[in-house]
Structure formats: structure tokens, C-alpha cells
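The lines below spell out each chain.
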Amino acid sequence: MSSLNHCIKFELDIKDENIVFKDYFYKSIKLQKHKIYEAELIQPACPYCGSLDLLHNGHLIANIRYPTANASLPVIIRLAKQRVKCRDCDHWSMAQSELVNKYCSISNASKLKVLSALTEDRSMTSIARENNVSVNTVQRVLGSCSHRFLDSYEYLPAHLAFDEFKGVDRQLHFICLDGDNHQVVQILRTRYKKTLLKYFGRFSPQARANVKTVTMDLNFYYQDVVRACFPNAQIVIDRFHMIQMLTRSFNSLRVKVMKTFDKRSRQYQLLKYPWKLYLKKFDELEKVHSRYNWHYKDCLTQAQVATEGINTSTALENSYNLMQSFIQVVETGNTHELKSLINCQDQIGTLMHKTLLTFKHNLTAVLNGAALPYSNGCLEGFNRKIKQIERTAFGYSNFTNLLTRIRLEEDLYKEKEPSSLLMTA
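Below, the structure is looked at part by part. If you're wondering where the values come from, they're calculated on a predicted model, not measured in any experiment.

Attention now moves to the pairing of strand β1 (residues 19–29). The side chains of a regular strand alternate, first on one face of the sheet and then on the other. When β1 meets strand β2 (residues 32–41), the two strands line up antiparallel, connected through 10 bridges. Looking at the pairing, Ser-28 lines up with Lys-33 of β2. The turn joining β1 and β2, which pair antiparallel and follow one another in sequence, is formed by 2 residues; a positive phi near 55° is taken by Lys-30.

Along the chain, the position of Phe-25 falls in strand β1. In this structure Phe-25 comes out as partly exposed when scored by relative accessible area, which is 26%. Residues Phe-25 and Ile-36 lie 11 residues apart in sequence; the distance between their C-alpha atoms is 5.4 Å. Among all residues touching Phe-25, those that are not within four sequence positions of it are His-34, Lys-35, Ile-36, Glu-38 and Arg-78.

Our next topic: unusual backbone geometry. Glycine aside, negative phi is the norm for most residues, and most peptide bonds take the trans geometry. A positive phi is found at Asp-169, a non-glycine position, where the angle reads about 55°. Within the element layout of this structure, Asp-169 appears in the loop between β6 (159–166) and β7 (172–178). Unusually for a residue other than glycine, Phe-394 sits at a positive phi of about 55°.

A few words now on helix α2 (residues 108–118). Those residues of α2 that sit buried are Asn-108, Ser-110, Lys-111, Val-114, Leu-115, Ala-117 and Leu-118. Residues of α2 that are buried make contact with β3 (54–66), α3 (124–131), α4 (135–143) and α17 (399–408).

Here the structure, examined in full by the defined rule, presents 2 cavities of 30 Å³ or more. In this model, the largest cavity occupies a volume close to 40 Å³. Lining the largest cavity, in full, are Arg-65, Tyr-66, Pro-74, Val-75, Ile-76, Ser-110, Asn-131 and Asn-132. Sorting the residues of the lining of the largest cavity by element identifies β3 and β4 (75–86) as the ones contributing at least two each. Of the residues that constitute the lining of the largest cavity, the class distribution is 4 nonpolar, 3 polar and 1 charged.

The subject of this paragraph is the state of the cysteines. Applying the stated criterion across every chain, the model contains 0 disulfides. Considering cysteine sulfurs only, Cys-145 is the nearest to Cys-104, which forms no disulfide, with 14 Å between them.

Counting residues in each nonpolar core, the largest one holds 63 residues, and the members touching the most others are Phe-162, Phe-200, Val-214, Phe-230, Tyr-278, Phe-326 and Leu-338. A per-element tally of this core places helix α12 (residues 314–332) first, with 9 residues. For Phe-200, the contacting residues outside a window of four places in its chain are Leu-156, Phe-162, Phe-174, Cys-176, Arg-208, Val-225, Cys-229 and Phe-230. Core analysis: the second largest hydrophobic core is formed by 49 residues, Ala-62, Leu-79, Ala-161 and Val-168 among them.

This part is about the sheet that holds β7. Taken together, the 5 strands give an open sheet; going across it, the order is β8-β7-β6-β9-β10, and neighbouring strands pair in mixed fashion. Two strands in the sheet have a free side with no partner beyond their single neighbour: β8 (184–188) and β10 (234–237). The average angle at which neighbouring strand axes cross in this sheet is 20°, direction not considered. In this structure, β7 lies alongside β8, joined through 4 bridges in antiparallel fashion. By the bridge assignment, Phe-174 is partnered in β8 with Leu-188. Where helix α5 (residues 193–200) meets the sheet, it contacts β6, β7 and β8, and its direction lies at approximately 135° from that of β8.

Calculation rules
- Residues numbered from 1 in each chain as written.
- Predicted model: local features only at pLDDT ≥ 70, side-chain atom pairs only at ≥ 80, totals over all residues.
- Heavy atoms only, no water.
- Pairing = 2+ DSSP bridges.
- Helix = DSSP H or I, 4+ residues; strand = E, 2+ residues; numbered from the N terminus.
- Buried < 20%, exposed > 50% of the residue type's maximum accessible area, 1.4 Å probe, protein only.
- Contact = heavy atoms within 4.5 Å.
- 1 Å grid on protein atoms, 1.4 Å probe; cavity = no way out; pocket = protein on both sides within 12 Å on 5 of 7 lines; lining within 4 Å.
- Points joined across faces, edges and corners; volume = space filled by probe spheres on them.
- Nonpolar A, V, L, I, M, F, W, Y, C, P; charged D, E, K, R; others polar.
- Disulfide = S-S within 2.5 Å.
- Core = buried A, V, L, I, M, F, W, Y, C linked by side-chain atoms within 4.5 Å.
- Axes fitted to C-alpha atoms, helices over the stretch in contact; angles between N-to-C directions.

Next comes the structure, spelled out in C-alpha cells:
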């Protein structure tokens, strides 16, 4: 019996000396074969006074689910917990073990394995199926970690990045990242100005004064929040959003000019089908090897197609040259030339003019975006991860569960030991 006990403990990696295994057998439960281990949990001493003079009064049988390497053969430990009465202090007690929490039938090892799986991009259903537990158990393990992500209002990073993403009930949630180490600072249920002012207002004046830059898109009330909460912060408009606004304005003008020509004309064909060429950098276009295109029945290089296309309209040509110059200036960080481009007086499209007018109203922040190395690239990449988490789970209806899952899948918590996150579920 002792040899069997040691072999089973070695196989299951159980080190509790108070658990004694007696036998094992196989049993079919709900048309699935299970491996059942019979064991007894001994109470060696009174937990109240430490006395060894105990009166035994039967057992409480608990069926404990335990993880196994073979998911097709679930393991159940039929644990008989001793009930005892202390003869010295007259207290009743029941034997307890680190194998499983009190009043629980899921072993801590199973919860640890579930928690480790929650740090990966997997659905709760697949995690539950692999660990032979219910989906509700997986949700309880997830919920047990939510309190670990409480806010601390004593510190803020020097460089922040603001954005939003679509989450529960297709609402937009606010997200803030550290611009240096790309870790999440906070995710809020809404992105309303009142909510942001209330949240950042909880931080100490020293923490808010520590913020040097805040990177964002051209959302107007984000700038109001920065001015109200961070006295020493510079507003930085993300370079990607500036170039995106210009390219969309140019693309709108291209379509407008294209529709002025007959659909069978060469000008229409040059502006319609190779539209992607107009959005690329002119230096990256092919200028040597020409290719035949059956739309406009000619053999041209990519540079020749773009040049002939923009020459169909003066406004289109000016907008294209402005867009190309703007991209080049933003990459080099030449703020003086960028300022002159924003004040351009050439004939351009109406939407392009409105875009430059928007840049002019946010001139300082736009110049900071070109001069400083900070951007929202890290935030856009993190939002992509969030979309994948939601896609895998077919969406979330509980904001707390979504927030906890996002936090668990952060690289910071993947590097940590999962046991440090395991709490009572």
C-alpha cells in the first residue's frame, strides 16, 4: 500500500503527506472513461489548539477534478476527508489540504492550468474542454483575477498614448498606454470627456505633472483633457493619422476628377484601376520596367501611370505633390517646411483644404508629431490584439471579463509565473 501511495503521488505530483492513496480504477461517467483514485485526507492535529488527542467521526467524500496530460482520460480523486473532534478544546474540524480549497471540487492545480491557458489567445470553451471543467469554472477563474488590476493613483508615465477601441455592446472604450514600455495604463468603459477628467483627476498633482507628452489622433476633446489634467504635457498628433487624413482627401479628389471623364476614356481608366499607385510614395514606384495594361491599352511604368493620371487636373496634381511632400517632410522631421506646406495657397481640392485647415488649427500639436519620436503605433498594435481576443471569444458581454482577459494576455503577465495570479475561485 505504501509503495502504491508513493507511485500515485509521484505520477500526480502531489506532495501533501496527509493524503494517502489506497486504490485506483476506471469508470465510465456520462459516456466518457474516467480514472478514479481513492485517497484519504488525514487530520494529524487540531487546527485550533494543536492537540493530537482527536476523536474521529467519519469522512466527507469529495470528488476532486485533477489535471492530466491526457485530456481524453479525465482524472478524479475521490478524497475522503476526516472529520474529527478535539478532546481538549471540544472543537469540531475537517481535514484540509492545499490540493483543493475548502468547499470546492476543482483542484488548485486545475485552476492553475486554466489560468495559464487564459493568458493565451484561446476561447473559454476550448480551455474548459481541455481541462475537463465547465465554462462557468473557467469564467470564475478569470473573475478571481480581476481585483489584481486595481488602479494606483500615485504614478503616471512620462509619455502617454490615447485612443479608443470597440468592445462590449459595440461601444467605444478608452485605452491609455505607456509610450515607452507599451504597457497598459488604464482601460475605461467609456471615452467621454467627463469620464476622462474624473479618472485623471484622481491622480496626485505630482503624478500628473510627471507627464511630458500625450500622443493622440485629432480627437478634439482629448486635447481639452490634456490641457486640464497635465500642466507640463505637450500634445503630439500621431503621424499616421495626419498622413491618413491627407491620403483620404486626395483619394476623394481623385474620384471626383475621375467622374468628370467618360468611362471609356483613357483619363478615366488611368485614374480608376491603378488607384493604389497614387497612394504610394513616388520614389517607390517602378520607373524602368514598363508593363502592358489592357484597361488603357498601353505599356507604361508605374511612375508614368501616376504622372499621366495627375496631369488630367491642376488641382489633382497640386494635391498629389502636396501629399508627397508632406509625407517626406514628416519622415525627416523638418518642421519649418511642414509649416509652409500647411499654409499652402495652391489650388487643391475642398476636402484637402479642410484637412490643411484642421492642421493649422492644431499647428503646435502637428509640428510636435513630426519633431518628436513618439507615436500611436504601439497603441494601434495593441488594439489589433484586443480585436483578436474579441474575435476568438465571439465577443464579450461583460466589460470586467474583457478587461481581465486583456490584462492577462499582456506580455507582462505572460512572463510572470501564473501561480502568482491564482486566487480562490
